[in-house]
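Residue-level structural notes
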Amino acid sequence: MNSTKKYTLRSAAFSRSIMSIAVASALVLTGCADDGSTGPQGPQGPTGAQGPTGDNGNDLTAVKKLTRIATVPTGAEVTGMYKTDNGELFFNVQHPSDDLPAPENNAAVGVITGLDFDNLDPRLESIAVPTPGSAEAQTTQVVAGSYQVLGRADDTLGGAVPFGLGGIINAANDTELKQSQDPDFNAFIPSNADGSSGFLFTAWEDRPGSMTRLAVDRMDDGSWNVTDGMNVDFSPVDGTLINCFGSVSPWGTPLTSEENYEAENTANWNNVMYTSGYPSYNDVSLLKEYLGNQFPNPYNYGYIVEITNPAADTPVPVKHFTLGRMAHENAVVMPDQKTVYLTDDGTDKGFYKFIADTAGDLNSGTIYAAKVTQDATSDVARAGFDIDWIELGSASNTEIAGWISEYDGIDETDYVDGQTNYITDQEISDWATSNTGDDRYAFLETLKAAEAKGATTEFRKMEGIIINYNGAANKTVPFMYAAMSAIERGMSDAEGDIQLEENKCGVVYRFGLEADYNVTRMDPAVVGGPYDADAAENRCSVDSISNPDNLLVLNDGRVVIGEDTSKHENNMIWVYNPQGE
């Protein structure tokens, strides 16, 4: 997809000197505890907590930069990390190996008990890396406390979920289309003042997508009890596709992401011979079956879906077409309740910003794409990027829904090899150069529109993006973090805006938040590796991250990193301390 572009290098010394001032200021601030007050319900629902300096006079100069706090069973991915206001951490064990002994061979939705993430000891020693094939490698281990499984794939939870957790059900709610092993995003929405009861929403990353809601109560001993369950009904929005990571809006609603991995490949949507893509025609056929044999409109899939009325008997999903159509990994809403950052998972993808017309309302606004300028070095550990934002278009959900409806009624019989029944590349090019006509292309073919407008479309598997809500609002943690699963392909070739040395183990990047929550700079914070292609196992060093995926930022500025990697035999959860050595 990339074409050769003019490649401009900025002085790393100048750019990094500016960033070092911001980092130094932030580290002074994060050494101070906040007042412990609870702010608006935001991503990861933070409250005040003791900082990494401990506020107890202890010298923490020997604190480690990276601490391994958990490992999951062989073949499994860490997903759905979500910290509650009380310091509890929910996370999932996604697609463990089929060869594991039961019940560990089934995906799990669970929570760490007995470990307070709002007062996490900065001197914790890393948990040991399991020996391949050992008993420890076949289960979930945590550095302290224990991992409580709330439910596993296919559990009916005593009949509360008749088709079982992860059962993908048709719109009529009478037929199971498939059983998923892919729980992803978690969101805990409290239903009482002390957060001891609430609803745990879990997205299931499959084709079609799904989401369960469990009613849960915390018991006196710190364990959790599931009292009820349901599947969220997505039939009002024609179903969902590949529900990936997400966040909670500042107004307390889950935002799940449709990771339409090949959203830019719309031309093959109704091609019956397209069986190797993602989604392939087989996936499209399941969506068709979900809809009662109605062929799906591709422009209905690939959005951020807000779950409104989350505590009601029937939560109401709303697809925000305004946030663009892409392989959404995550969306994070800033404390101004208007600015949203969005990551696009895959190869040669973009990075996006949305600004709503009205605070607290994502129904209309303007979408932008990032254009980056790399520092004058290809060293992954040192090269940061300056960011400019290119405006793509403005619209409302209602307006975009009207554009989408123009592509209803197309099915497999309309497909002609070498042609498309949908938006053409020429239409996008004409729109980008003329700056006339409606902005449908910005919202329905977001990646192609960004490329046509000159934005950077070389990112490789840009994953979770997150802030600490209170820390961003009161400037004690004025950073946003994003995971780049790997530095390769379009990011490590010899053309375009990004020309880095390859790093197959990935990088977590840090963005300084300006006063208006704009970002104009990204810098490497945690670099994975080294990488050993000849290693029989653990090709990425077990002493650092490998293919970072979902993230969360603690109240004191530390960052929790979950892995999605085949380069560690057992995926891990890490805590990164920016003040560590």
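Please refer to the structure placed before this passage.
The structure reproduced in this document is the subject of the present report. (Residues numbered from 1 in each chain as written. Predicted model: local features only at pLDDT ≥ 70, side-chain atom pairs only at ≥ 80, totals over all residues. Heavy atoms only, no water.)

Strand 23 (residues 462-466) sits mainly inside the fold: five of its five residues count as buried. As defined by bridge partners, strand 23 adjoins strand 24 (residues 479-484) across three bridges and the pair is classed as antiparallel. Counted as the bridge partner of isoleucine 466 is tyrosine 481 from strand 24. (Buried < 20%, exposed > 50% of the residue type's maximum accessible area, 1.4 Å probe, protein only. Helix = DSSP H or I, 4+ residues; strand = E, 2+ residues; numbered from the N terminus. Pairing = 2+ DSSP bridges.)

Let us now look at the state of the cysteines. Going through the model one piece at a time under the given rule, you end up with one disulfide. In this model, cysteine 505 is linked to cysteine 540 through a disulfide, with the two sulfur atoms separated by 2.0 Å. Classification of the bridge connecting cysteine 505 and cysteine 540 rests on its S-S torsion, roughly -100°, and on that basis the disulfide is left-handed. With cysteine 505 in the loop between strand 24 and strand 25 (507-512) and cysteine 540 in the loop between strand 26 (521-527) and strand 27 (548-553), this pair connects stretches of sequence that are 35 residues apart. Relative accessible area serves as the criterion here: at 0%, cysteine 505 is assigned to the buried category. (Disulfide = S-S within 2.5 Å.)

On to the packing of aromatic side chains. One pass over the structure, following the stated rule, counts 17 aromatic pairs. Between tyrosine 299 and tyrosine 407, the aromatic rings sit 5.0 Å apart at their centres with planes inclined by 65°, giving edge-to-face as the arrangement. Placement of tyrosine 299 in the loop between helix 2 (281-290) and strand 16 (304-308) and of tyrosine 407 in the loop between helix 3 (397-405) and helix 4 (425-434) is noted, with a sequence separation of 108 residues between them. The rings of Tyr341, Phe351, Trp389 and Phe511 are connected pair by pair, giving a single aromatic cluster. In this structure, arginine 213 is placed above the aromatic ring of phenylalanine 199, and the distance from its NZ or CZ to the ring centre is 4.2 Å. A cation sits over an aromatic face here: lysine 349 above tyrosine 261, 5.4 Å from the ring centre. (Phe/Tyr/Trp six-rings, centres within 6.5 Å; stacked < 30°, edge-to-face > 60°. Lys NZ or Arg CZ within 6 Å of the ring centre and 35° of its normal.)

On to the sheet that holds strand 15 (residues 254-258). Taken in spatial order, the four strands of this open sheet run 14-15-16-17, and their pairing is antiparallel. Each edge of the open sheet carries a strand with a single partner, namely strand 14 (243-248) and strand 17 (316-320). Pairwise comparison of adjacent strand axes, ignoring direction, gives a mean angle of 30° for this sheet. As paired strands, strand 16 and strand 17 are joined by five bridges and run antiparallel to one another. Note on strand 17: the bridge partner recorded for isoleucine 307 is proline 317. (Axes fitted to C-alpha atoms, helices over the stretch in contact; angles between N-to-C directions.)

Function cannot be inferred from these measures alone, as they are strictly geometric.
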